[in-house]
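The primary structure of each chain is shown beneath.
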Amino acid sequence: LACFSFSNADECIAPGTCVPPSDAQFSRVPRGPVPSQQWNINGGFCGAFSIQQSTLAFGAWISQDLVRKANKDQSGPKFMHGDDELGYEVVPTNVAYTAEKL
């Protein structure tokens with residue numbers, strides 16, 4: 001596994017291995033996810049953080065705030081933290097809806 005910082009894409013960061021194995025079948029190393037911090041307010045943003053990190057692996061940065069706001073118009077029970085203006089926590093019951101609305 002090679003780990004790179006965003007400031008210098010050629011810089012190897014421990015505990016990453018800077019030289020790929022000679023028998024590696026694949027050589028593309030996706031950028032992100034990287035160690036980061038979820039917002040710890042309003043019930044936590046672990047679901048929004050997970051979606052944010054997943055999109056980073058494909059080169060797109062999406063704010064945790066925008067991830068939550070993507071599900072603000074969902075139908076069904078709203079038992080998680082949030083509201084109809086700011087959106088709701090991303091949980092297994094609404095993750096597909098949230099992703100579709102992004």
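Procedures and definitions
- Residues numbered from 1 in each chain as written.
- Predicted model: local features only at pLDDT ≥ 70, side-chain atom pairs only at ≥ 80, totals over all residues.
- Heavy atoms only, no water.
- pLDDT = per-residue confidence, 0-100.
- Helix = DSSP H or I, 4+ residues; strand = E, 2+ residues; numbered from the N terminus.
- Contact = heavy atoms within 4.5 Å.
- Buried < 20%, exposed > 50% of the residue type's maximum accessible area, 1.4 Å probe, protein only.
- Polar contact = N/O pair within 3.5 Å; in protein donor to acceptor, adjacent residues only side chain to side chain.

Chemist: What is the right way to look at the confidence of the model for the protein in this model?
Modeler: Where the model shows low pLDDT, its predicted coordinates should not be examined in detail. In the predicted model, the protein carries a mean pLDDT of 78, and the fraction of residues at 70 or more is 73%. Considering each helix and strand of the protein separately, the mean pLDDT is smallest for helix α1 (residues 46–56), with a value of 87, and largest for helix α3 (residues 95–101), with 93. Note on residues 1–7: pLDDT under 50 across the span, and 17 contacts to partners over four residues away in sequence or across chains.

Chemist: What am I meant to see in the environment of Gln-52 here?
Modeler: When you line up the elements, Gln-52 lands in helix α1. Since its relative accessible area comes to 7%, Gln-52 is described here as buried. C-alpha separation for the pair Gln-52 and Asp-65, spaced 13 residues apart in sequence, amounts to 9.9 Å. Of the polar contacts made by the side chain of Gln-52, one reaches the backbone oxygen of Ile-62; its length is 3.1 Å.

Chemist: What's the story with the environment of Gly-44 in this structure? I'm lost.
Modeler: Counting through the fold element by element, Gly-44 comes out in the segment before α1. Looking at Gly-44, the relative accessible area reads 11%, which means it is buried. In the structure, Gly-44 is positioned 45 residues away from Glu-89 in sequence and 7.6 Å away in space, judged by C-alpha atoms. Residues within four places of Gly-44 in sequence aside, it is in contact with Gln-38, Trp-39, Arg-68 and Glu-89.

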